[in-house]
Amino acid sequence: MLDITALPLTEELDTGLSPVALFELFNNEQFCFFLDSSMDKQKLGRYSFMGSRPFLVFCSRGDDIRLTRDEQTTMVKGNPFDVLGKYLEIYKLGSKDKPVPFSGGAVGYFSYDLCHFIECLPKT
């Protein structure tokens, strides 16, 4: 396991901009994301998270998986959930108390077709 617990993973910024206005400054960056918390700040809506240019990109189609890191691409075969789980173990964050509820990990989406790795369904 890679120990990255000593690295600064978050930084609070006081820019005077709304989260949406701030995100617009870099929303053209590669693989950018914005996890917007537009809820009541006194309850669950205290944090919004933004990022771009990940160190690793994981993309799958069926059991063909493409991993891209530093412009080098590696192809592997397997269940995307299993392979992703192995990578999450490699880059696992320490269990120390976190100042915010999300301090790193995988950000992205799962498509509907991944259901075939969970259930035995007809491919129509």
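Residues numbered from 1 in each chain as written. Predicted model: local features only at pLDDT ≥ 70, side-chain atom pairs only at ≥ 80, totals over all residues. Heavy atoms only, no water.

Caption draft 1: Quick look at the sheet that holds strand 5 (residues 72–77). Read across the open sheet, the 3 strands follow the order 3-4-5; overall the sheet is antiparallel. Either end of the sheet is taken by a strand with one partner, and the two such strands are strand 3 (57–61) and strand 5. Averaged over all neighbouring strand pairs, the angle between strand axes comes to 20°, with direction disregarded. Where strand 4 (residues 64–69) and strand 5 come together, 6 bridges link them in antiparallel fashion. Bridge pairing in strand 5 links arginine 66 to methionine 75. Taken strand by strand, helix 2 (residues 80–90) contacts strand 3, strand 4 and strand 5, and its axis lies near 170° from that of strand 3. (Pairing = 2+ DSSP bridges. Helix = DSSP H or I, 4+ residues; strand = E, 2+ residues; numbered from the N terminus. Axes fitted to C-alpha atoms, helices over the stretch in contact; angles between N-to-C directions. Contact = heavy atoms within 4.5 Å.)

Caption draft 2: Fine view of the layout of surface pockets. Put simply, the second largest pocket is a space of about 190 Å³. Lining the second largest pocket are Gln30, Phe31, Arg53, Pro54, Phe55, Val57, Thr68, Arg69, Asp70 and Glu71. Of the residues belonging to the lining of the second largest pocket, the class tally is 4 nonpolar, 2 polar and 4 charged. (1 Å grid on protein atoms, 1.4 Å probe; cavity = no way out; pocket = protein on both sides within 12 Å on 5 of 7 lines; lining within 4 Å. Points joined across faces, edges and corners; volume = space filled by probe spheres on them. Nonpolar A, V, L, I, M, F, W, Y, C, P; charged D, E, K, R; others polar.)

Caption draft 3: Main features of helix 2. What helix 2 keeps buried is the set Pro80, Val83 and Leu84. One side of helix 2 carries all its buried residues, which in axial view fall inside an arc of 95°. Buried residues in helix 2 make contact with strand 3, strand 4 and strand 5. By the N-cap criterion, in which a side-chain oxygen at the helix start approaches the backbone nitrogen of a residue two or three places on, helix 2 is capped by asparagine 79, the distance to phenylalanine 81 being 2.8 Å. (Buried < 20%, exposed > 50% of the residue type's maximum accessible area, 1.4 Å probe, protein only. Arc of directions from axis to C-beta. Polar contact = N/O pair within 3.5 Å; in protein donor to acceptor, adjacent residues only side chain to side chain.)

Caption draft 4: Here's a closer look at the packing of aromatic side chains. Per the stated rule, a full pass over the model turns up 4 aromatic pairs. Measuring from centroid to centroid gives 5.4 Å for phenylalanine 81 and phenylalanine 110, while their planes differ by 35°, and the two rings are tilted. Of this pair, phenylalanine 81 sits in helix 2 while phenylalanine 110 is found in the segment after helix 2, placing the two residues 29 residues apart along the sequence. The exposure class of phenylalanine 81 is partly exposed, given its relative accessible area of 29%. The structure contains a cluster of three or more aromatic residues connected by ring pairs, namely Phe23, Phe26 and Phe34. (Phe/Tyr/Trp six-rings, centres within 6.5 Å; stacked < 30°, edge-to-face > 60°.)

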